[in-house]
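Descriptive analysis of the structure
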Amino acid sequence: MTQYIGLIPAAGSGSRMGVEVPKQYLDIAGHPMIYYAVRAMVTSPLITAVYVVLAADDSWWAGYNWCEFGDKLQVLRCGGATRAESVTNGLAAMSTDGKDWVLVHDAARPCLTIELIARLIEAVGDTEIGGLLAIPVADTLKRASGVHVAQTESRDGLWQAQTPQMFRHDLLQQALSNNSDFVPTDEASAVEALGHHPLLVAADSSNFKVTYPNDLRMARLILEQEISAQGNLEQDND
Ligand SMILES: Nc1ccn([C@@H]2O[C@H](COP(=O)(O)OP(=O)(O)OP(=O)(O)O)[C@@H](O)[C@H]2O)c(=O)n1
Ligand SMILES: C[C@](O)(CO)[C@H](O)COP(=O)(O)O
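Now for a quick tour of the structure.

Conventions we followed
Residues numbered from 1 in each chain as written. Chains lettered and ligands numbered in written order. Predicted model: local features only at pLDDT ≥ 70, side-chain atom pairs only at ≥ 80, totals over all residues. Heavy atoms only, no water. Salt bridge = Lys/Arg side-chain N within 4 Å of Asp/Glu carboxyl O. Helix = DSSP H or I, 4+ residues; strand = E, 2+ residues; numbered from the N terminus. Buried < 20%, exposed > 50% of the residue type's maximum accessible area, 1.4 Å probe, protein only. Polar contact = N/O pair within 3.5 Å; in protein donor to acceptor, adjacent residues only side chain to side chain. Contact = heavy atoms within 4.5 Å. Pairing = 2+ DSSP bridges. Axes fitted to C-alpha atoms, helices over the stretch in contact; angles between N-to-C directions.

All right, on to the pattern of salt bridges then. The final tally for this structure, using the stated rule, is six salt bridges. Its salt-bridge partner being glutamate 187, residue arginine 83 comes within 2.5 Å of it at the nearest N-O pair. Taken together, the residues span a long stretch of sequence, with arginine 83 in helix α2 (residues 83–93) and glutamate 187 in helix α5 (residues 187–192) at a distance of 104 residues. The class of arginine 83 is partly exposed, set by a relative accessible area of 25%.

Relative to the helices and strands, aspartate 100 resides in the loop between α2 and β6 (101–104). Polar contacts involving the side chain of aspartate 100 include one to the main-chain amide nitrogen of glutamine 3, which spans 3.0 Å. Here aspartate 100 is in contact with Met1, Thr2, Gln3, Ile5, Phe167, Arg168 and His169, once residues within four sequence places are set aside.

To continue, consider the sheet that holds strand β7 (residues 130–136). The strand order across the open sheet built from seven strands is β5-β4-β1-β6-β10-β7-β11, with neighbouring strands paired in mixed fashion. Edge positions in the sheet fall to β5 (73–76) and β11 (199–202), since each of these pairs with one other strand and no more. Strand-to-strand, the axes of this sheet are offset by a mean angle of 25°, without reference to chain direction. The sheet contact formed by strand β1 (residues 4–10) and β6 spans four bridges and is parallel. Each bridged residue has a counterpart across the sheet, and for tyrosine 4 the counterpart in β6 is tryptophan 101. Its contacts with the sheet place α2 against β1, β4 (49–54), β5, β6 and β10 (159–168), and it is angled at close to 140° to β1. In this fold helix α4 (residues 169–176) packs onto β6 and β10, with an angle of close to 120° to the strand it touches most, β10.

This is the structure we're talking about:
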């Protein structure tokens, strides 16, 4: 039976965050940022296993208690020099059937929900190639010349890719090992390079990637509010 497996690349250094701690371990409401992506994937009833790809020398992961996630969560210490390499190494290390769907999700997107996971699987699960969560571009786009506007670009038909991005294990391995000079910044671009057209699945702007310090402040606001609302709900139900 086809399975849906999560793969969370978490071997980056978070250099654009400008702090010593790798951003996936920065605190959000008492947990490291990565906790929330893991929680969404592990608690999704549609996903049967979740693999986290850490840097081989990651000294942060062991400092946290991951027992609540049981053996559905597996750790692979095979991160690479690029996100694509980390995903490639993770695909090679995970035990799965080539036709299983792999949902690759950034550890740096902590606001993923099980509803968005279900939306992606529902929309993509019966397609041949696969697809990704994304949002249509809402702002006017400018191409820069230094810090000045060089020209305004049309935003017609443009979407911002998010994650999870969902492809069958064998196709994704083929796409990422497709010998070419170009280093894909997401799984979909590697699959496109094979001539395929992944499906765009409309997501939610709250599923943004934490890249810069202000993104972390936004993620804290969203997740602290979620935790507070959950606490109030539990109180009401007591
Ligand atoms: N060699 C790498 C680089 C990135 N990632 C992961 O890919 C996701 C998205 O990448 P990005 O936001 O760029 O994270 P970093 O590379 O850590 O950030 P920066 O580019 O600012 O250094 C993150 O969860 C990151 O941990 C990874 O597994 N292996
Ligand atoms: C995969 C991704 O999140 C889709 O938008 C994005 O490409 C990751 O880019 P990064 O530079 O590795 O953060």
